[in-house]
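Chain residues, written in single-letter form:
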Amino acid sequence: MPVRPSCSRLAGSKYLIDEDAVLEYRTIPHLGGVNRVRAQSLALCQPLPPVSQPYHVATWSDTGKLHIYDIRPLVEALSTPGFVPDNARTSAPVFTLNAHGRAEGFAMDWASSGLNSSSLRLLTGDFHSKIYLTTSSSSHFNTLPQPFTSHTSSVEDLQWSPAEPTVFGSCSADCSIRIWDVHVKGRRSVIGLEVAHDSDVNVISWNKNTAYLLLSGGDEGGIKVWDLRNFKESTQYHKPSPMASFAWHDSPITSVEWHPTEDSIFTASGADDQVTLWDLSVEHDEDEMGVNEDSQGEEVPPQLLFVHQGQKDIKEVHWHPQIPGVVMTTASDGFNFFKMISV
């Protein structure tokens, strides 16, 4: 949300910004607690559609329902002084997905659609291992009745492929990562990795610049980078080795995300109250052996660029889509925004 600084009046017509920033916001009434929020995807640096057109946000409710809202007038009210949004347009969902029944969930991802709001696609996955696809037309949303069903436990995260519009990935508490094609009959995964982590696979992120790279974070605290070209058909499960594996975090990984333009850089957050930034292009320097240690004498991986601390119960971390290098985090004690000088 835009932050507008307050000003103190000086002599004449001059102003000095010397007070705390004021965070402005708008609210929407919501039935039930919100498990997760996801905004309609736009291409990198693409502006929002005109205020006359919808811009959608989806919420996973703890009631088992998923609601889709049009928030475009609310964004306009924040950025344009004096604009009064139409409450009838924003106060109620434009669509409610009931296919999951009473099963809650967290997994959710929009397909990138540009400004064409009549061709949106939304994936949702629940605690009962089912994944549903919701699509839009020029007049309404529609959820396909048959779910995708190859997982055997809770679906934890979903990601559309950045290169193939009908392909998506998923991860689950059954320890697996699976790749799907919506055109395949039977709604079964086409390739996969049955044991990607030693415990629940909590989160995944698909590299937007190198489409065969997939990042995953597990409940054991591990972060792994996978080359999807090594995955095989789901009827021939094997166990390929990850391209890279990191065990810096000592608690479950809660979020991972590739940098939007640098294909070797990613960020991760964990239940150990740490946010870490990594660069796979950094190699170990034999001349600096013994130097890369923290204050407790623990060896620091050369790919670890930065550790951000100070928040509690960090749930998500994202790169800012418009300000290069800026990272945003959500936690139980609020939001943080920070930037590394080298990224």
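Further up the page is the structure itself.
Note that this is a predicted model, so its numbers are computed, not measured. (Residues numbered from 1 in each chain as written. Predicted model: local features only at pLDDT ≥ 70, side-chain atom pairs only at ≥ 80, totals over all residues. Heavy atoms only, no water.)

Caption draft 1: Inspection of the overall build of the chain at higher detail. Looking only at helices and strands, the chain has two helices and 28 strands in total. Expressed as a percentage of its 343 residues, the buried residues of the chain come to 47%. Counted over contacts in the chain with a minimum sequence separation of 6, partners at least 24 positions apart contribute 49%. About 17,100 Å² of surface is accessible on the chain, with carbon and sulfur atoms providing 52% of the total. (Helix = DSSP H or I, 4+ residues; strand = E, 2+ residues; numbered from the N terminus. Buried < 20%, exposed > 50% of the residue type's maximum accessible area, 1.4 Å probe, protein only. Contact = heavy atoms within 4.5 Å. Areas by Shrake-Rupley, 256 points an atom, 1.4 Å probe, with all protein chains shown as cover.)

Caption draft 2: Layout of the sheet that holds strand β8 (residues 95-97). The strand order across the open sheet built from four strands is β5-β6-β7-β8, with neighbouring strands paired in antiparallel fashion. Both outer strands of the open sheet, β5 (34-39) and β8, are each paired with one neighbouring strand and no more. Ignoring strand direction, the axes of neighbouring strands in this sheet form an average angle of 20°. Here strand β7 (residues 66-70) runs beside β8; their pairing, made up of three bridges, is antiparallel. Each residue of the ladder has a partner; that of His-67, found in β8, is Thr-96. (Pairing = 2+ DSSP bridges. Axes fitted to C-alpha atoms, helices over the stretch in contact; angles between N-to-C directions.)

Caption draft 3: Up close: helix α1 (residues 72-79). The element α1 is extensively covered by neighbouring structure, given that six of its eight residues are classed as buried. Where α1 is concerned, the buried positions are Arg-72, Pro-73, Leu-74, Glu-76, Ala-77 and Leu-78. Among the structural elements, β7 and α2 (87-90) are those in contact with the buried residues of α1.

Caption draft 4: Molecular detail of the sheet that holds strand β27 (residues 326-331). A sheet is described by the order of its strands in space; here three strands give the open sequence β26-β27-β28, paired in antiparallel fashion. Two strands bound the open sheet, and with one partner strand each, they are β26 (316-319) and β28 (334-339). Across the sheet, the mean angle separating the axes of adjacent strands is 20° when strand polarity is ignored. The pairing of β27 with β28 spans six bridges and is antiparallel. Of the residues in β28, the one forming a bridge with Thr-329 is Asn-336.

Caption draft 5: The arrangement of the side chain of Ser-150 in detail. Its place among the elements puts Ser-150 in the loop between β12 (141-143) and β13 (155-160). Residue classification places Ser-150 among the buried residues on the basis of a relative accessible area of 9%. Reaching out from Ser-150, the side chain makes a polar contact with the side chain of Arg-188 at a distance of 3.5 Å. Engagement of the side chain of Ser-150 in a polar contact is seen with the backbone nitrogen of Ser-189, the distance being 3.0 Å. (Polar contact = N/O pair within 3.5 Å; in protein donor to acceptor, adjacent residues only side chain to side chain.)

Caption draft 6: Structural context of the nonpolar core. In terms of nonpolar packing, the biggest core is built from 16 residues, with Leu-215, Ile-223, Val-225, Phe-266 and Trp-278 touching the most fellow members. Counting residues per element, the ones that place at least two in this core are β18 (213-218), β19 (223-227), β21 (244-246), β22 (253-258) and β23 (265-270). When residues of this core are assigned to their parent elements, the largest contribution, three residues, is made by β22. Among the nonpolar cores identified, the runner-up in size contains 13 residues, and Val-167, Leu-193, Ala-196 and Phe-231 belong to it. (Core = buried A, V, L, I, M, F, W, Y, C linked by side-chain atoms within 4.5 Å.)

Caption draft 7: Inspection of unusual backbone geometry at higher detail. Within the chain, Ser-129 stands out as a residue other than glycine whose phi angle is a positive 75°. Along the chain, the position of Ser-129 falls in the loop between β10 (121-125) and β11 (131-136). The class for Ser-129 is buried, based on a relative accessible area of 13%.

Caption draft 8: Structural context of the environment of Asp-126. Residue placement: Asp-126 occurs in the loop between β10 and β11. The exposure class of Asp-126 is buried, given its relative accessible area of 1%. The sequence separation of Asp-126 and Glu-104 amounts to 22 residues, and the corresponding C-alpha distance is 5.6 Å. Non-local contacts of Asp-126, meaning those with residues more than four positions away in its chain, are made with Trp-60, His-100, Ala-103, Glu-104, Gly-105, Ser-154 and Val-155. Polar side-chain contacts of Asp-126 include one of 2.6 Å to the side chain of His-100.

Caption draft 9: Highlighting the pattern of salt bridges. Tallying each qualifying case throughout the model produces six salt bridges. For Glu-76, the salt bridge is made with Arg-72, and the minimal N-O distance between the two is 3.1 Å. Of this pair, Glu-76 and Arg-72 both sit in helix α1, four residues apart, roughly one helical turn. Looking at Arg-72, the relative accessible area reads 8%, which means it is buried. Residue Lys-312 is joined to Asp-273 by a salt bridge in which the shortest nitrogen-to-oxygen separation is 3.9 Å. Here Lys-312, found in the loop between β25 (304-309) and β26, pairs with Asp-273, found in the loop between β23 and β24 (274-279); they are 39 residues apart in sequence, far enough to count as distant. Sharing partners across several salt bridges, the network here consists of Arg-36, Arg-38 and Glu-316. (Salt bridge = Lys/Arg side-chain N within 4 Å of Asp/Glu carboxyl O.)

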